[in-house]
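In case you want the letters, here they are:
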Amino acid sequence: KYLTGGKLKQAIRHFIIEKSREVFEQKGYTNTTIEDIARASDISKPTVYNYFSGKDAIFRSVVELANSEMDELITPIISGAELFTEKLEKLTYEYLSHVNKNRGILKIAFHESHMFIEAIDNNSFGGMERLLEATERRVNTIKAFFKEGKHQGFIIEDVPVDLIAVFYMGVLGEFS
């Protein structure tokens, strides 16, 4: 079937985000221009501006997409019927695979962190609250997962679940 109306606009927006991710990974945030994004998307600059207010908005959408993809990976694994240990293995593999897929975006976040700091200071990174909320939800999901592991007897009772979740996320973060 053909995409029309809102679905077409959503598909084009998603396409621009995906192409932008590639450009940001190749050139970094600072060196990427709207012209680069338009060229990679095979559309005009004005068309890019029909969908996004500027480079900040596009990058924010790239980060939000990567974040939502992570949630889409985690949720089915954690809610699966397998034993805790099998889920932990899958979760770790998928998490690290996702980090590898998005390493260019993570590199920007760590090496061009001034962009994030400026955006927070100027309150121009409107999606920051959503990003922080999504991160908090993910941490709570991981905590619930380890609580399940404790309930199944795979985790020592005396060790706090919060500590295990933070440790696990920290170890995975070291691979970013």
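Below, the structure is looked at part by part. These numbers come from a predicted model, not from an experiment.

### Re the overall build of the protein
Then, number 1: Check the secondary structure of the protein and you find nine helices and zero strands.
Then, number 2: For the protein, the sequential pattern of α-helices and β-strands runs α-α-α-α-α-α-α-α-α.
Then, number 3: By sequence separation, contacts in the protein at least 24 residues apart represent 65% of the contacts at least 6 residues apart.
Then, number 4: Carbon and sulfur atoms form 57% of the exposed surface of the protein, whose accessible area is close to 10800 Å².

### Quick word on the environment of Asn50
Then, number 1: For Asn50, the position within the fold is in helix 3 (residues 45-51).
Then, number 2: Measuring from C-alpha to C-alpha, the distance between Asn50 and Lys9 comes to 9.9 Å, with 41 residues separating the pair along the chain.

### A closer look at the pattern of salt bridges
Then, number 1: Per the counting criterion, the structure on display carries 11 salt bridges.
Then, number 2: In this structure, Glu18 and Arg21 form a salt bridge, with 3.3 Å as the shortest nitrogen-oxygen distance. One end of the pair, Glu18, and the other, Arg21, are both in helix 1 (residues 5-31), three residues apart, so they sit about a helical turn from each other.
Then, number 3: What makes Glu18 partly exposed here is its relative accessible area of 24%.
Then, number 4: Under the relative-accessibility criterion, Arg21 is labelled buried at 4%.
Then, number 5: A salt bridge links Glu22 to Lys19; the shortest N-O distance between them is 3.8 Å. Here Glu22 pairs with Lys19, and both are found in helix 1, just three residues apart, close to one helical turn.
Then, number 6: One salt-bridge network, in which partners are shared between bridges, spans Glu18, Arg21, Glu69 and Lys101.

### Concerning the side chain of Glu69
Then, number 1: With respect to the secondary-structure elements, Glu69 resides in helix 4 (residues 55-78).
Then, number 2: With relative accessibility at 14%, the residue Glu69 sits in the buried group.
Then, number 3: A polar contact of 3.1 Å, which involves the side chain of Glu69, links it to the side chain of Arg21.
Then, number 4: Excluding residues within four positions of it along the chain, Glu69 makes contact with Glu18, Arg21, His98, Lys101 and Asn102.

### A short note on the packing of helix 4 against helix 5 (residues 84-101)
Then, number 1: At a minimum axis separation of 9 Å, helix 4 and helix 5 run at an interaxial angle of 165°. Looking at the two axes, helix 4 sits roughly antiparallel to helix 5. The crossing of helix 4 and helix 5 is right-handed. Here helix 4 contributes Ala66, Glu69, Met70, Leu73, Ile74, Ile77 and Ile78 to the contact with helix 5, which in turn contributes Lys87, Lys90, Leu91, Glu94, Tyr95, His98 and Lys101.
Then, number 2: Tallied by class, residues from the contact of helix 4 with helix 5 come to eight nonpolar, one polar and five charged.

### Observations concerning helix 9 (residues 161-174)
Then, number 1: For helix 9, with 14 residues, the first-to-last C-alpha span of 20 Å sits near the 20 Å given by 1.5 Å per residue.
Then, number 2: For helix 9, the set of buried residues is Val161, Ile164, Ala165, Tyr168, Met169 and Leu172. All buried residues of helix 9 fall inside an arc of 125° around its axis, so they share one side. Exposed side chains of helix 9 directed beyond 90 degrees from the buried face belong to Leu163, Val166, Phe167 and Glu174.

### Re the packing of aromatic side chains
Then, number 1: Under the defined criterion, the tally for this structure stands at eight aromatic pairs.
Then, number 2: A ring pair is formed by Phe24 and Phe59, whose centres lie 5.0 Å apart and whose planes are at 85°; its orientation type is edge-to-face. With Phe24 in helix 1 and Phe59 in helix 4, this pair connects stretches of sequence that are 35 residues apart. The two residues Phe24 and Phe59 agree in class, both being buried.
Then, number 3: Plain terms: the ring middles of Phe84 and Phe154 are 5.9 Å apart, the flat faces sit at 25° to each other, and that makes the pair stacked. Highlighted residues: Phe84 in helix 5 and Phe154 in the loop between helix 8 (128-151) and helix 9, separated in sequence by 70 residues.

What counts and how
- Residues numbered from 1 in each chain as written.
- Predicted model: local features only at pLDDT ≥ 70, side-chain atom pairs only at ≥ 80, totals over all residues.
- Heavy atoms only, no water.
- Helix = DSSP H or I, 4+ residues; strand = E, 2+ residues; numbered from the N terminus.
- Contact = heavy atoms within 4.5 Å.
- Areas by Shrake-Rupley, 256 points an atom, 1.4 Å probe, with all protein chains shown as cover.
- Salt bridge = Lys/Arg side-chain N within 4 Å of Asp/Glu carboxyl O.
- Buried < 20%, exposed > 50% of the residue type's maximum accessible area, 1.4 Å probe, protein only.
- Polar contact = N/O pair within 3.5 Å; in protein donor to acceptor, adjacent residues only side chain to side chain.
- Axes fitted to C-alpha atoms, helices over the stretch in contact; angles between N-to-C directions.
- Parallel < 35°, antiparallel > 145°, perpendicular 65-115°, else oblique.
- Left-handed = near helix turned anticlockwise from the far one by under 90°.
- Nonpolar A, V, L, I, M, F, W, Y, C, P; charged D, E, K, R; others polar.
- Expected span 1.5 Å × (residues − 1).
- Arc of directions from axis to C-beta.
- Phe/Tyr/Trp six-rings, centres within 6.5 Å; stacked < 30°, edge-to-face > 60°.

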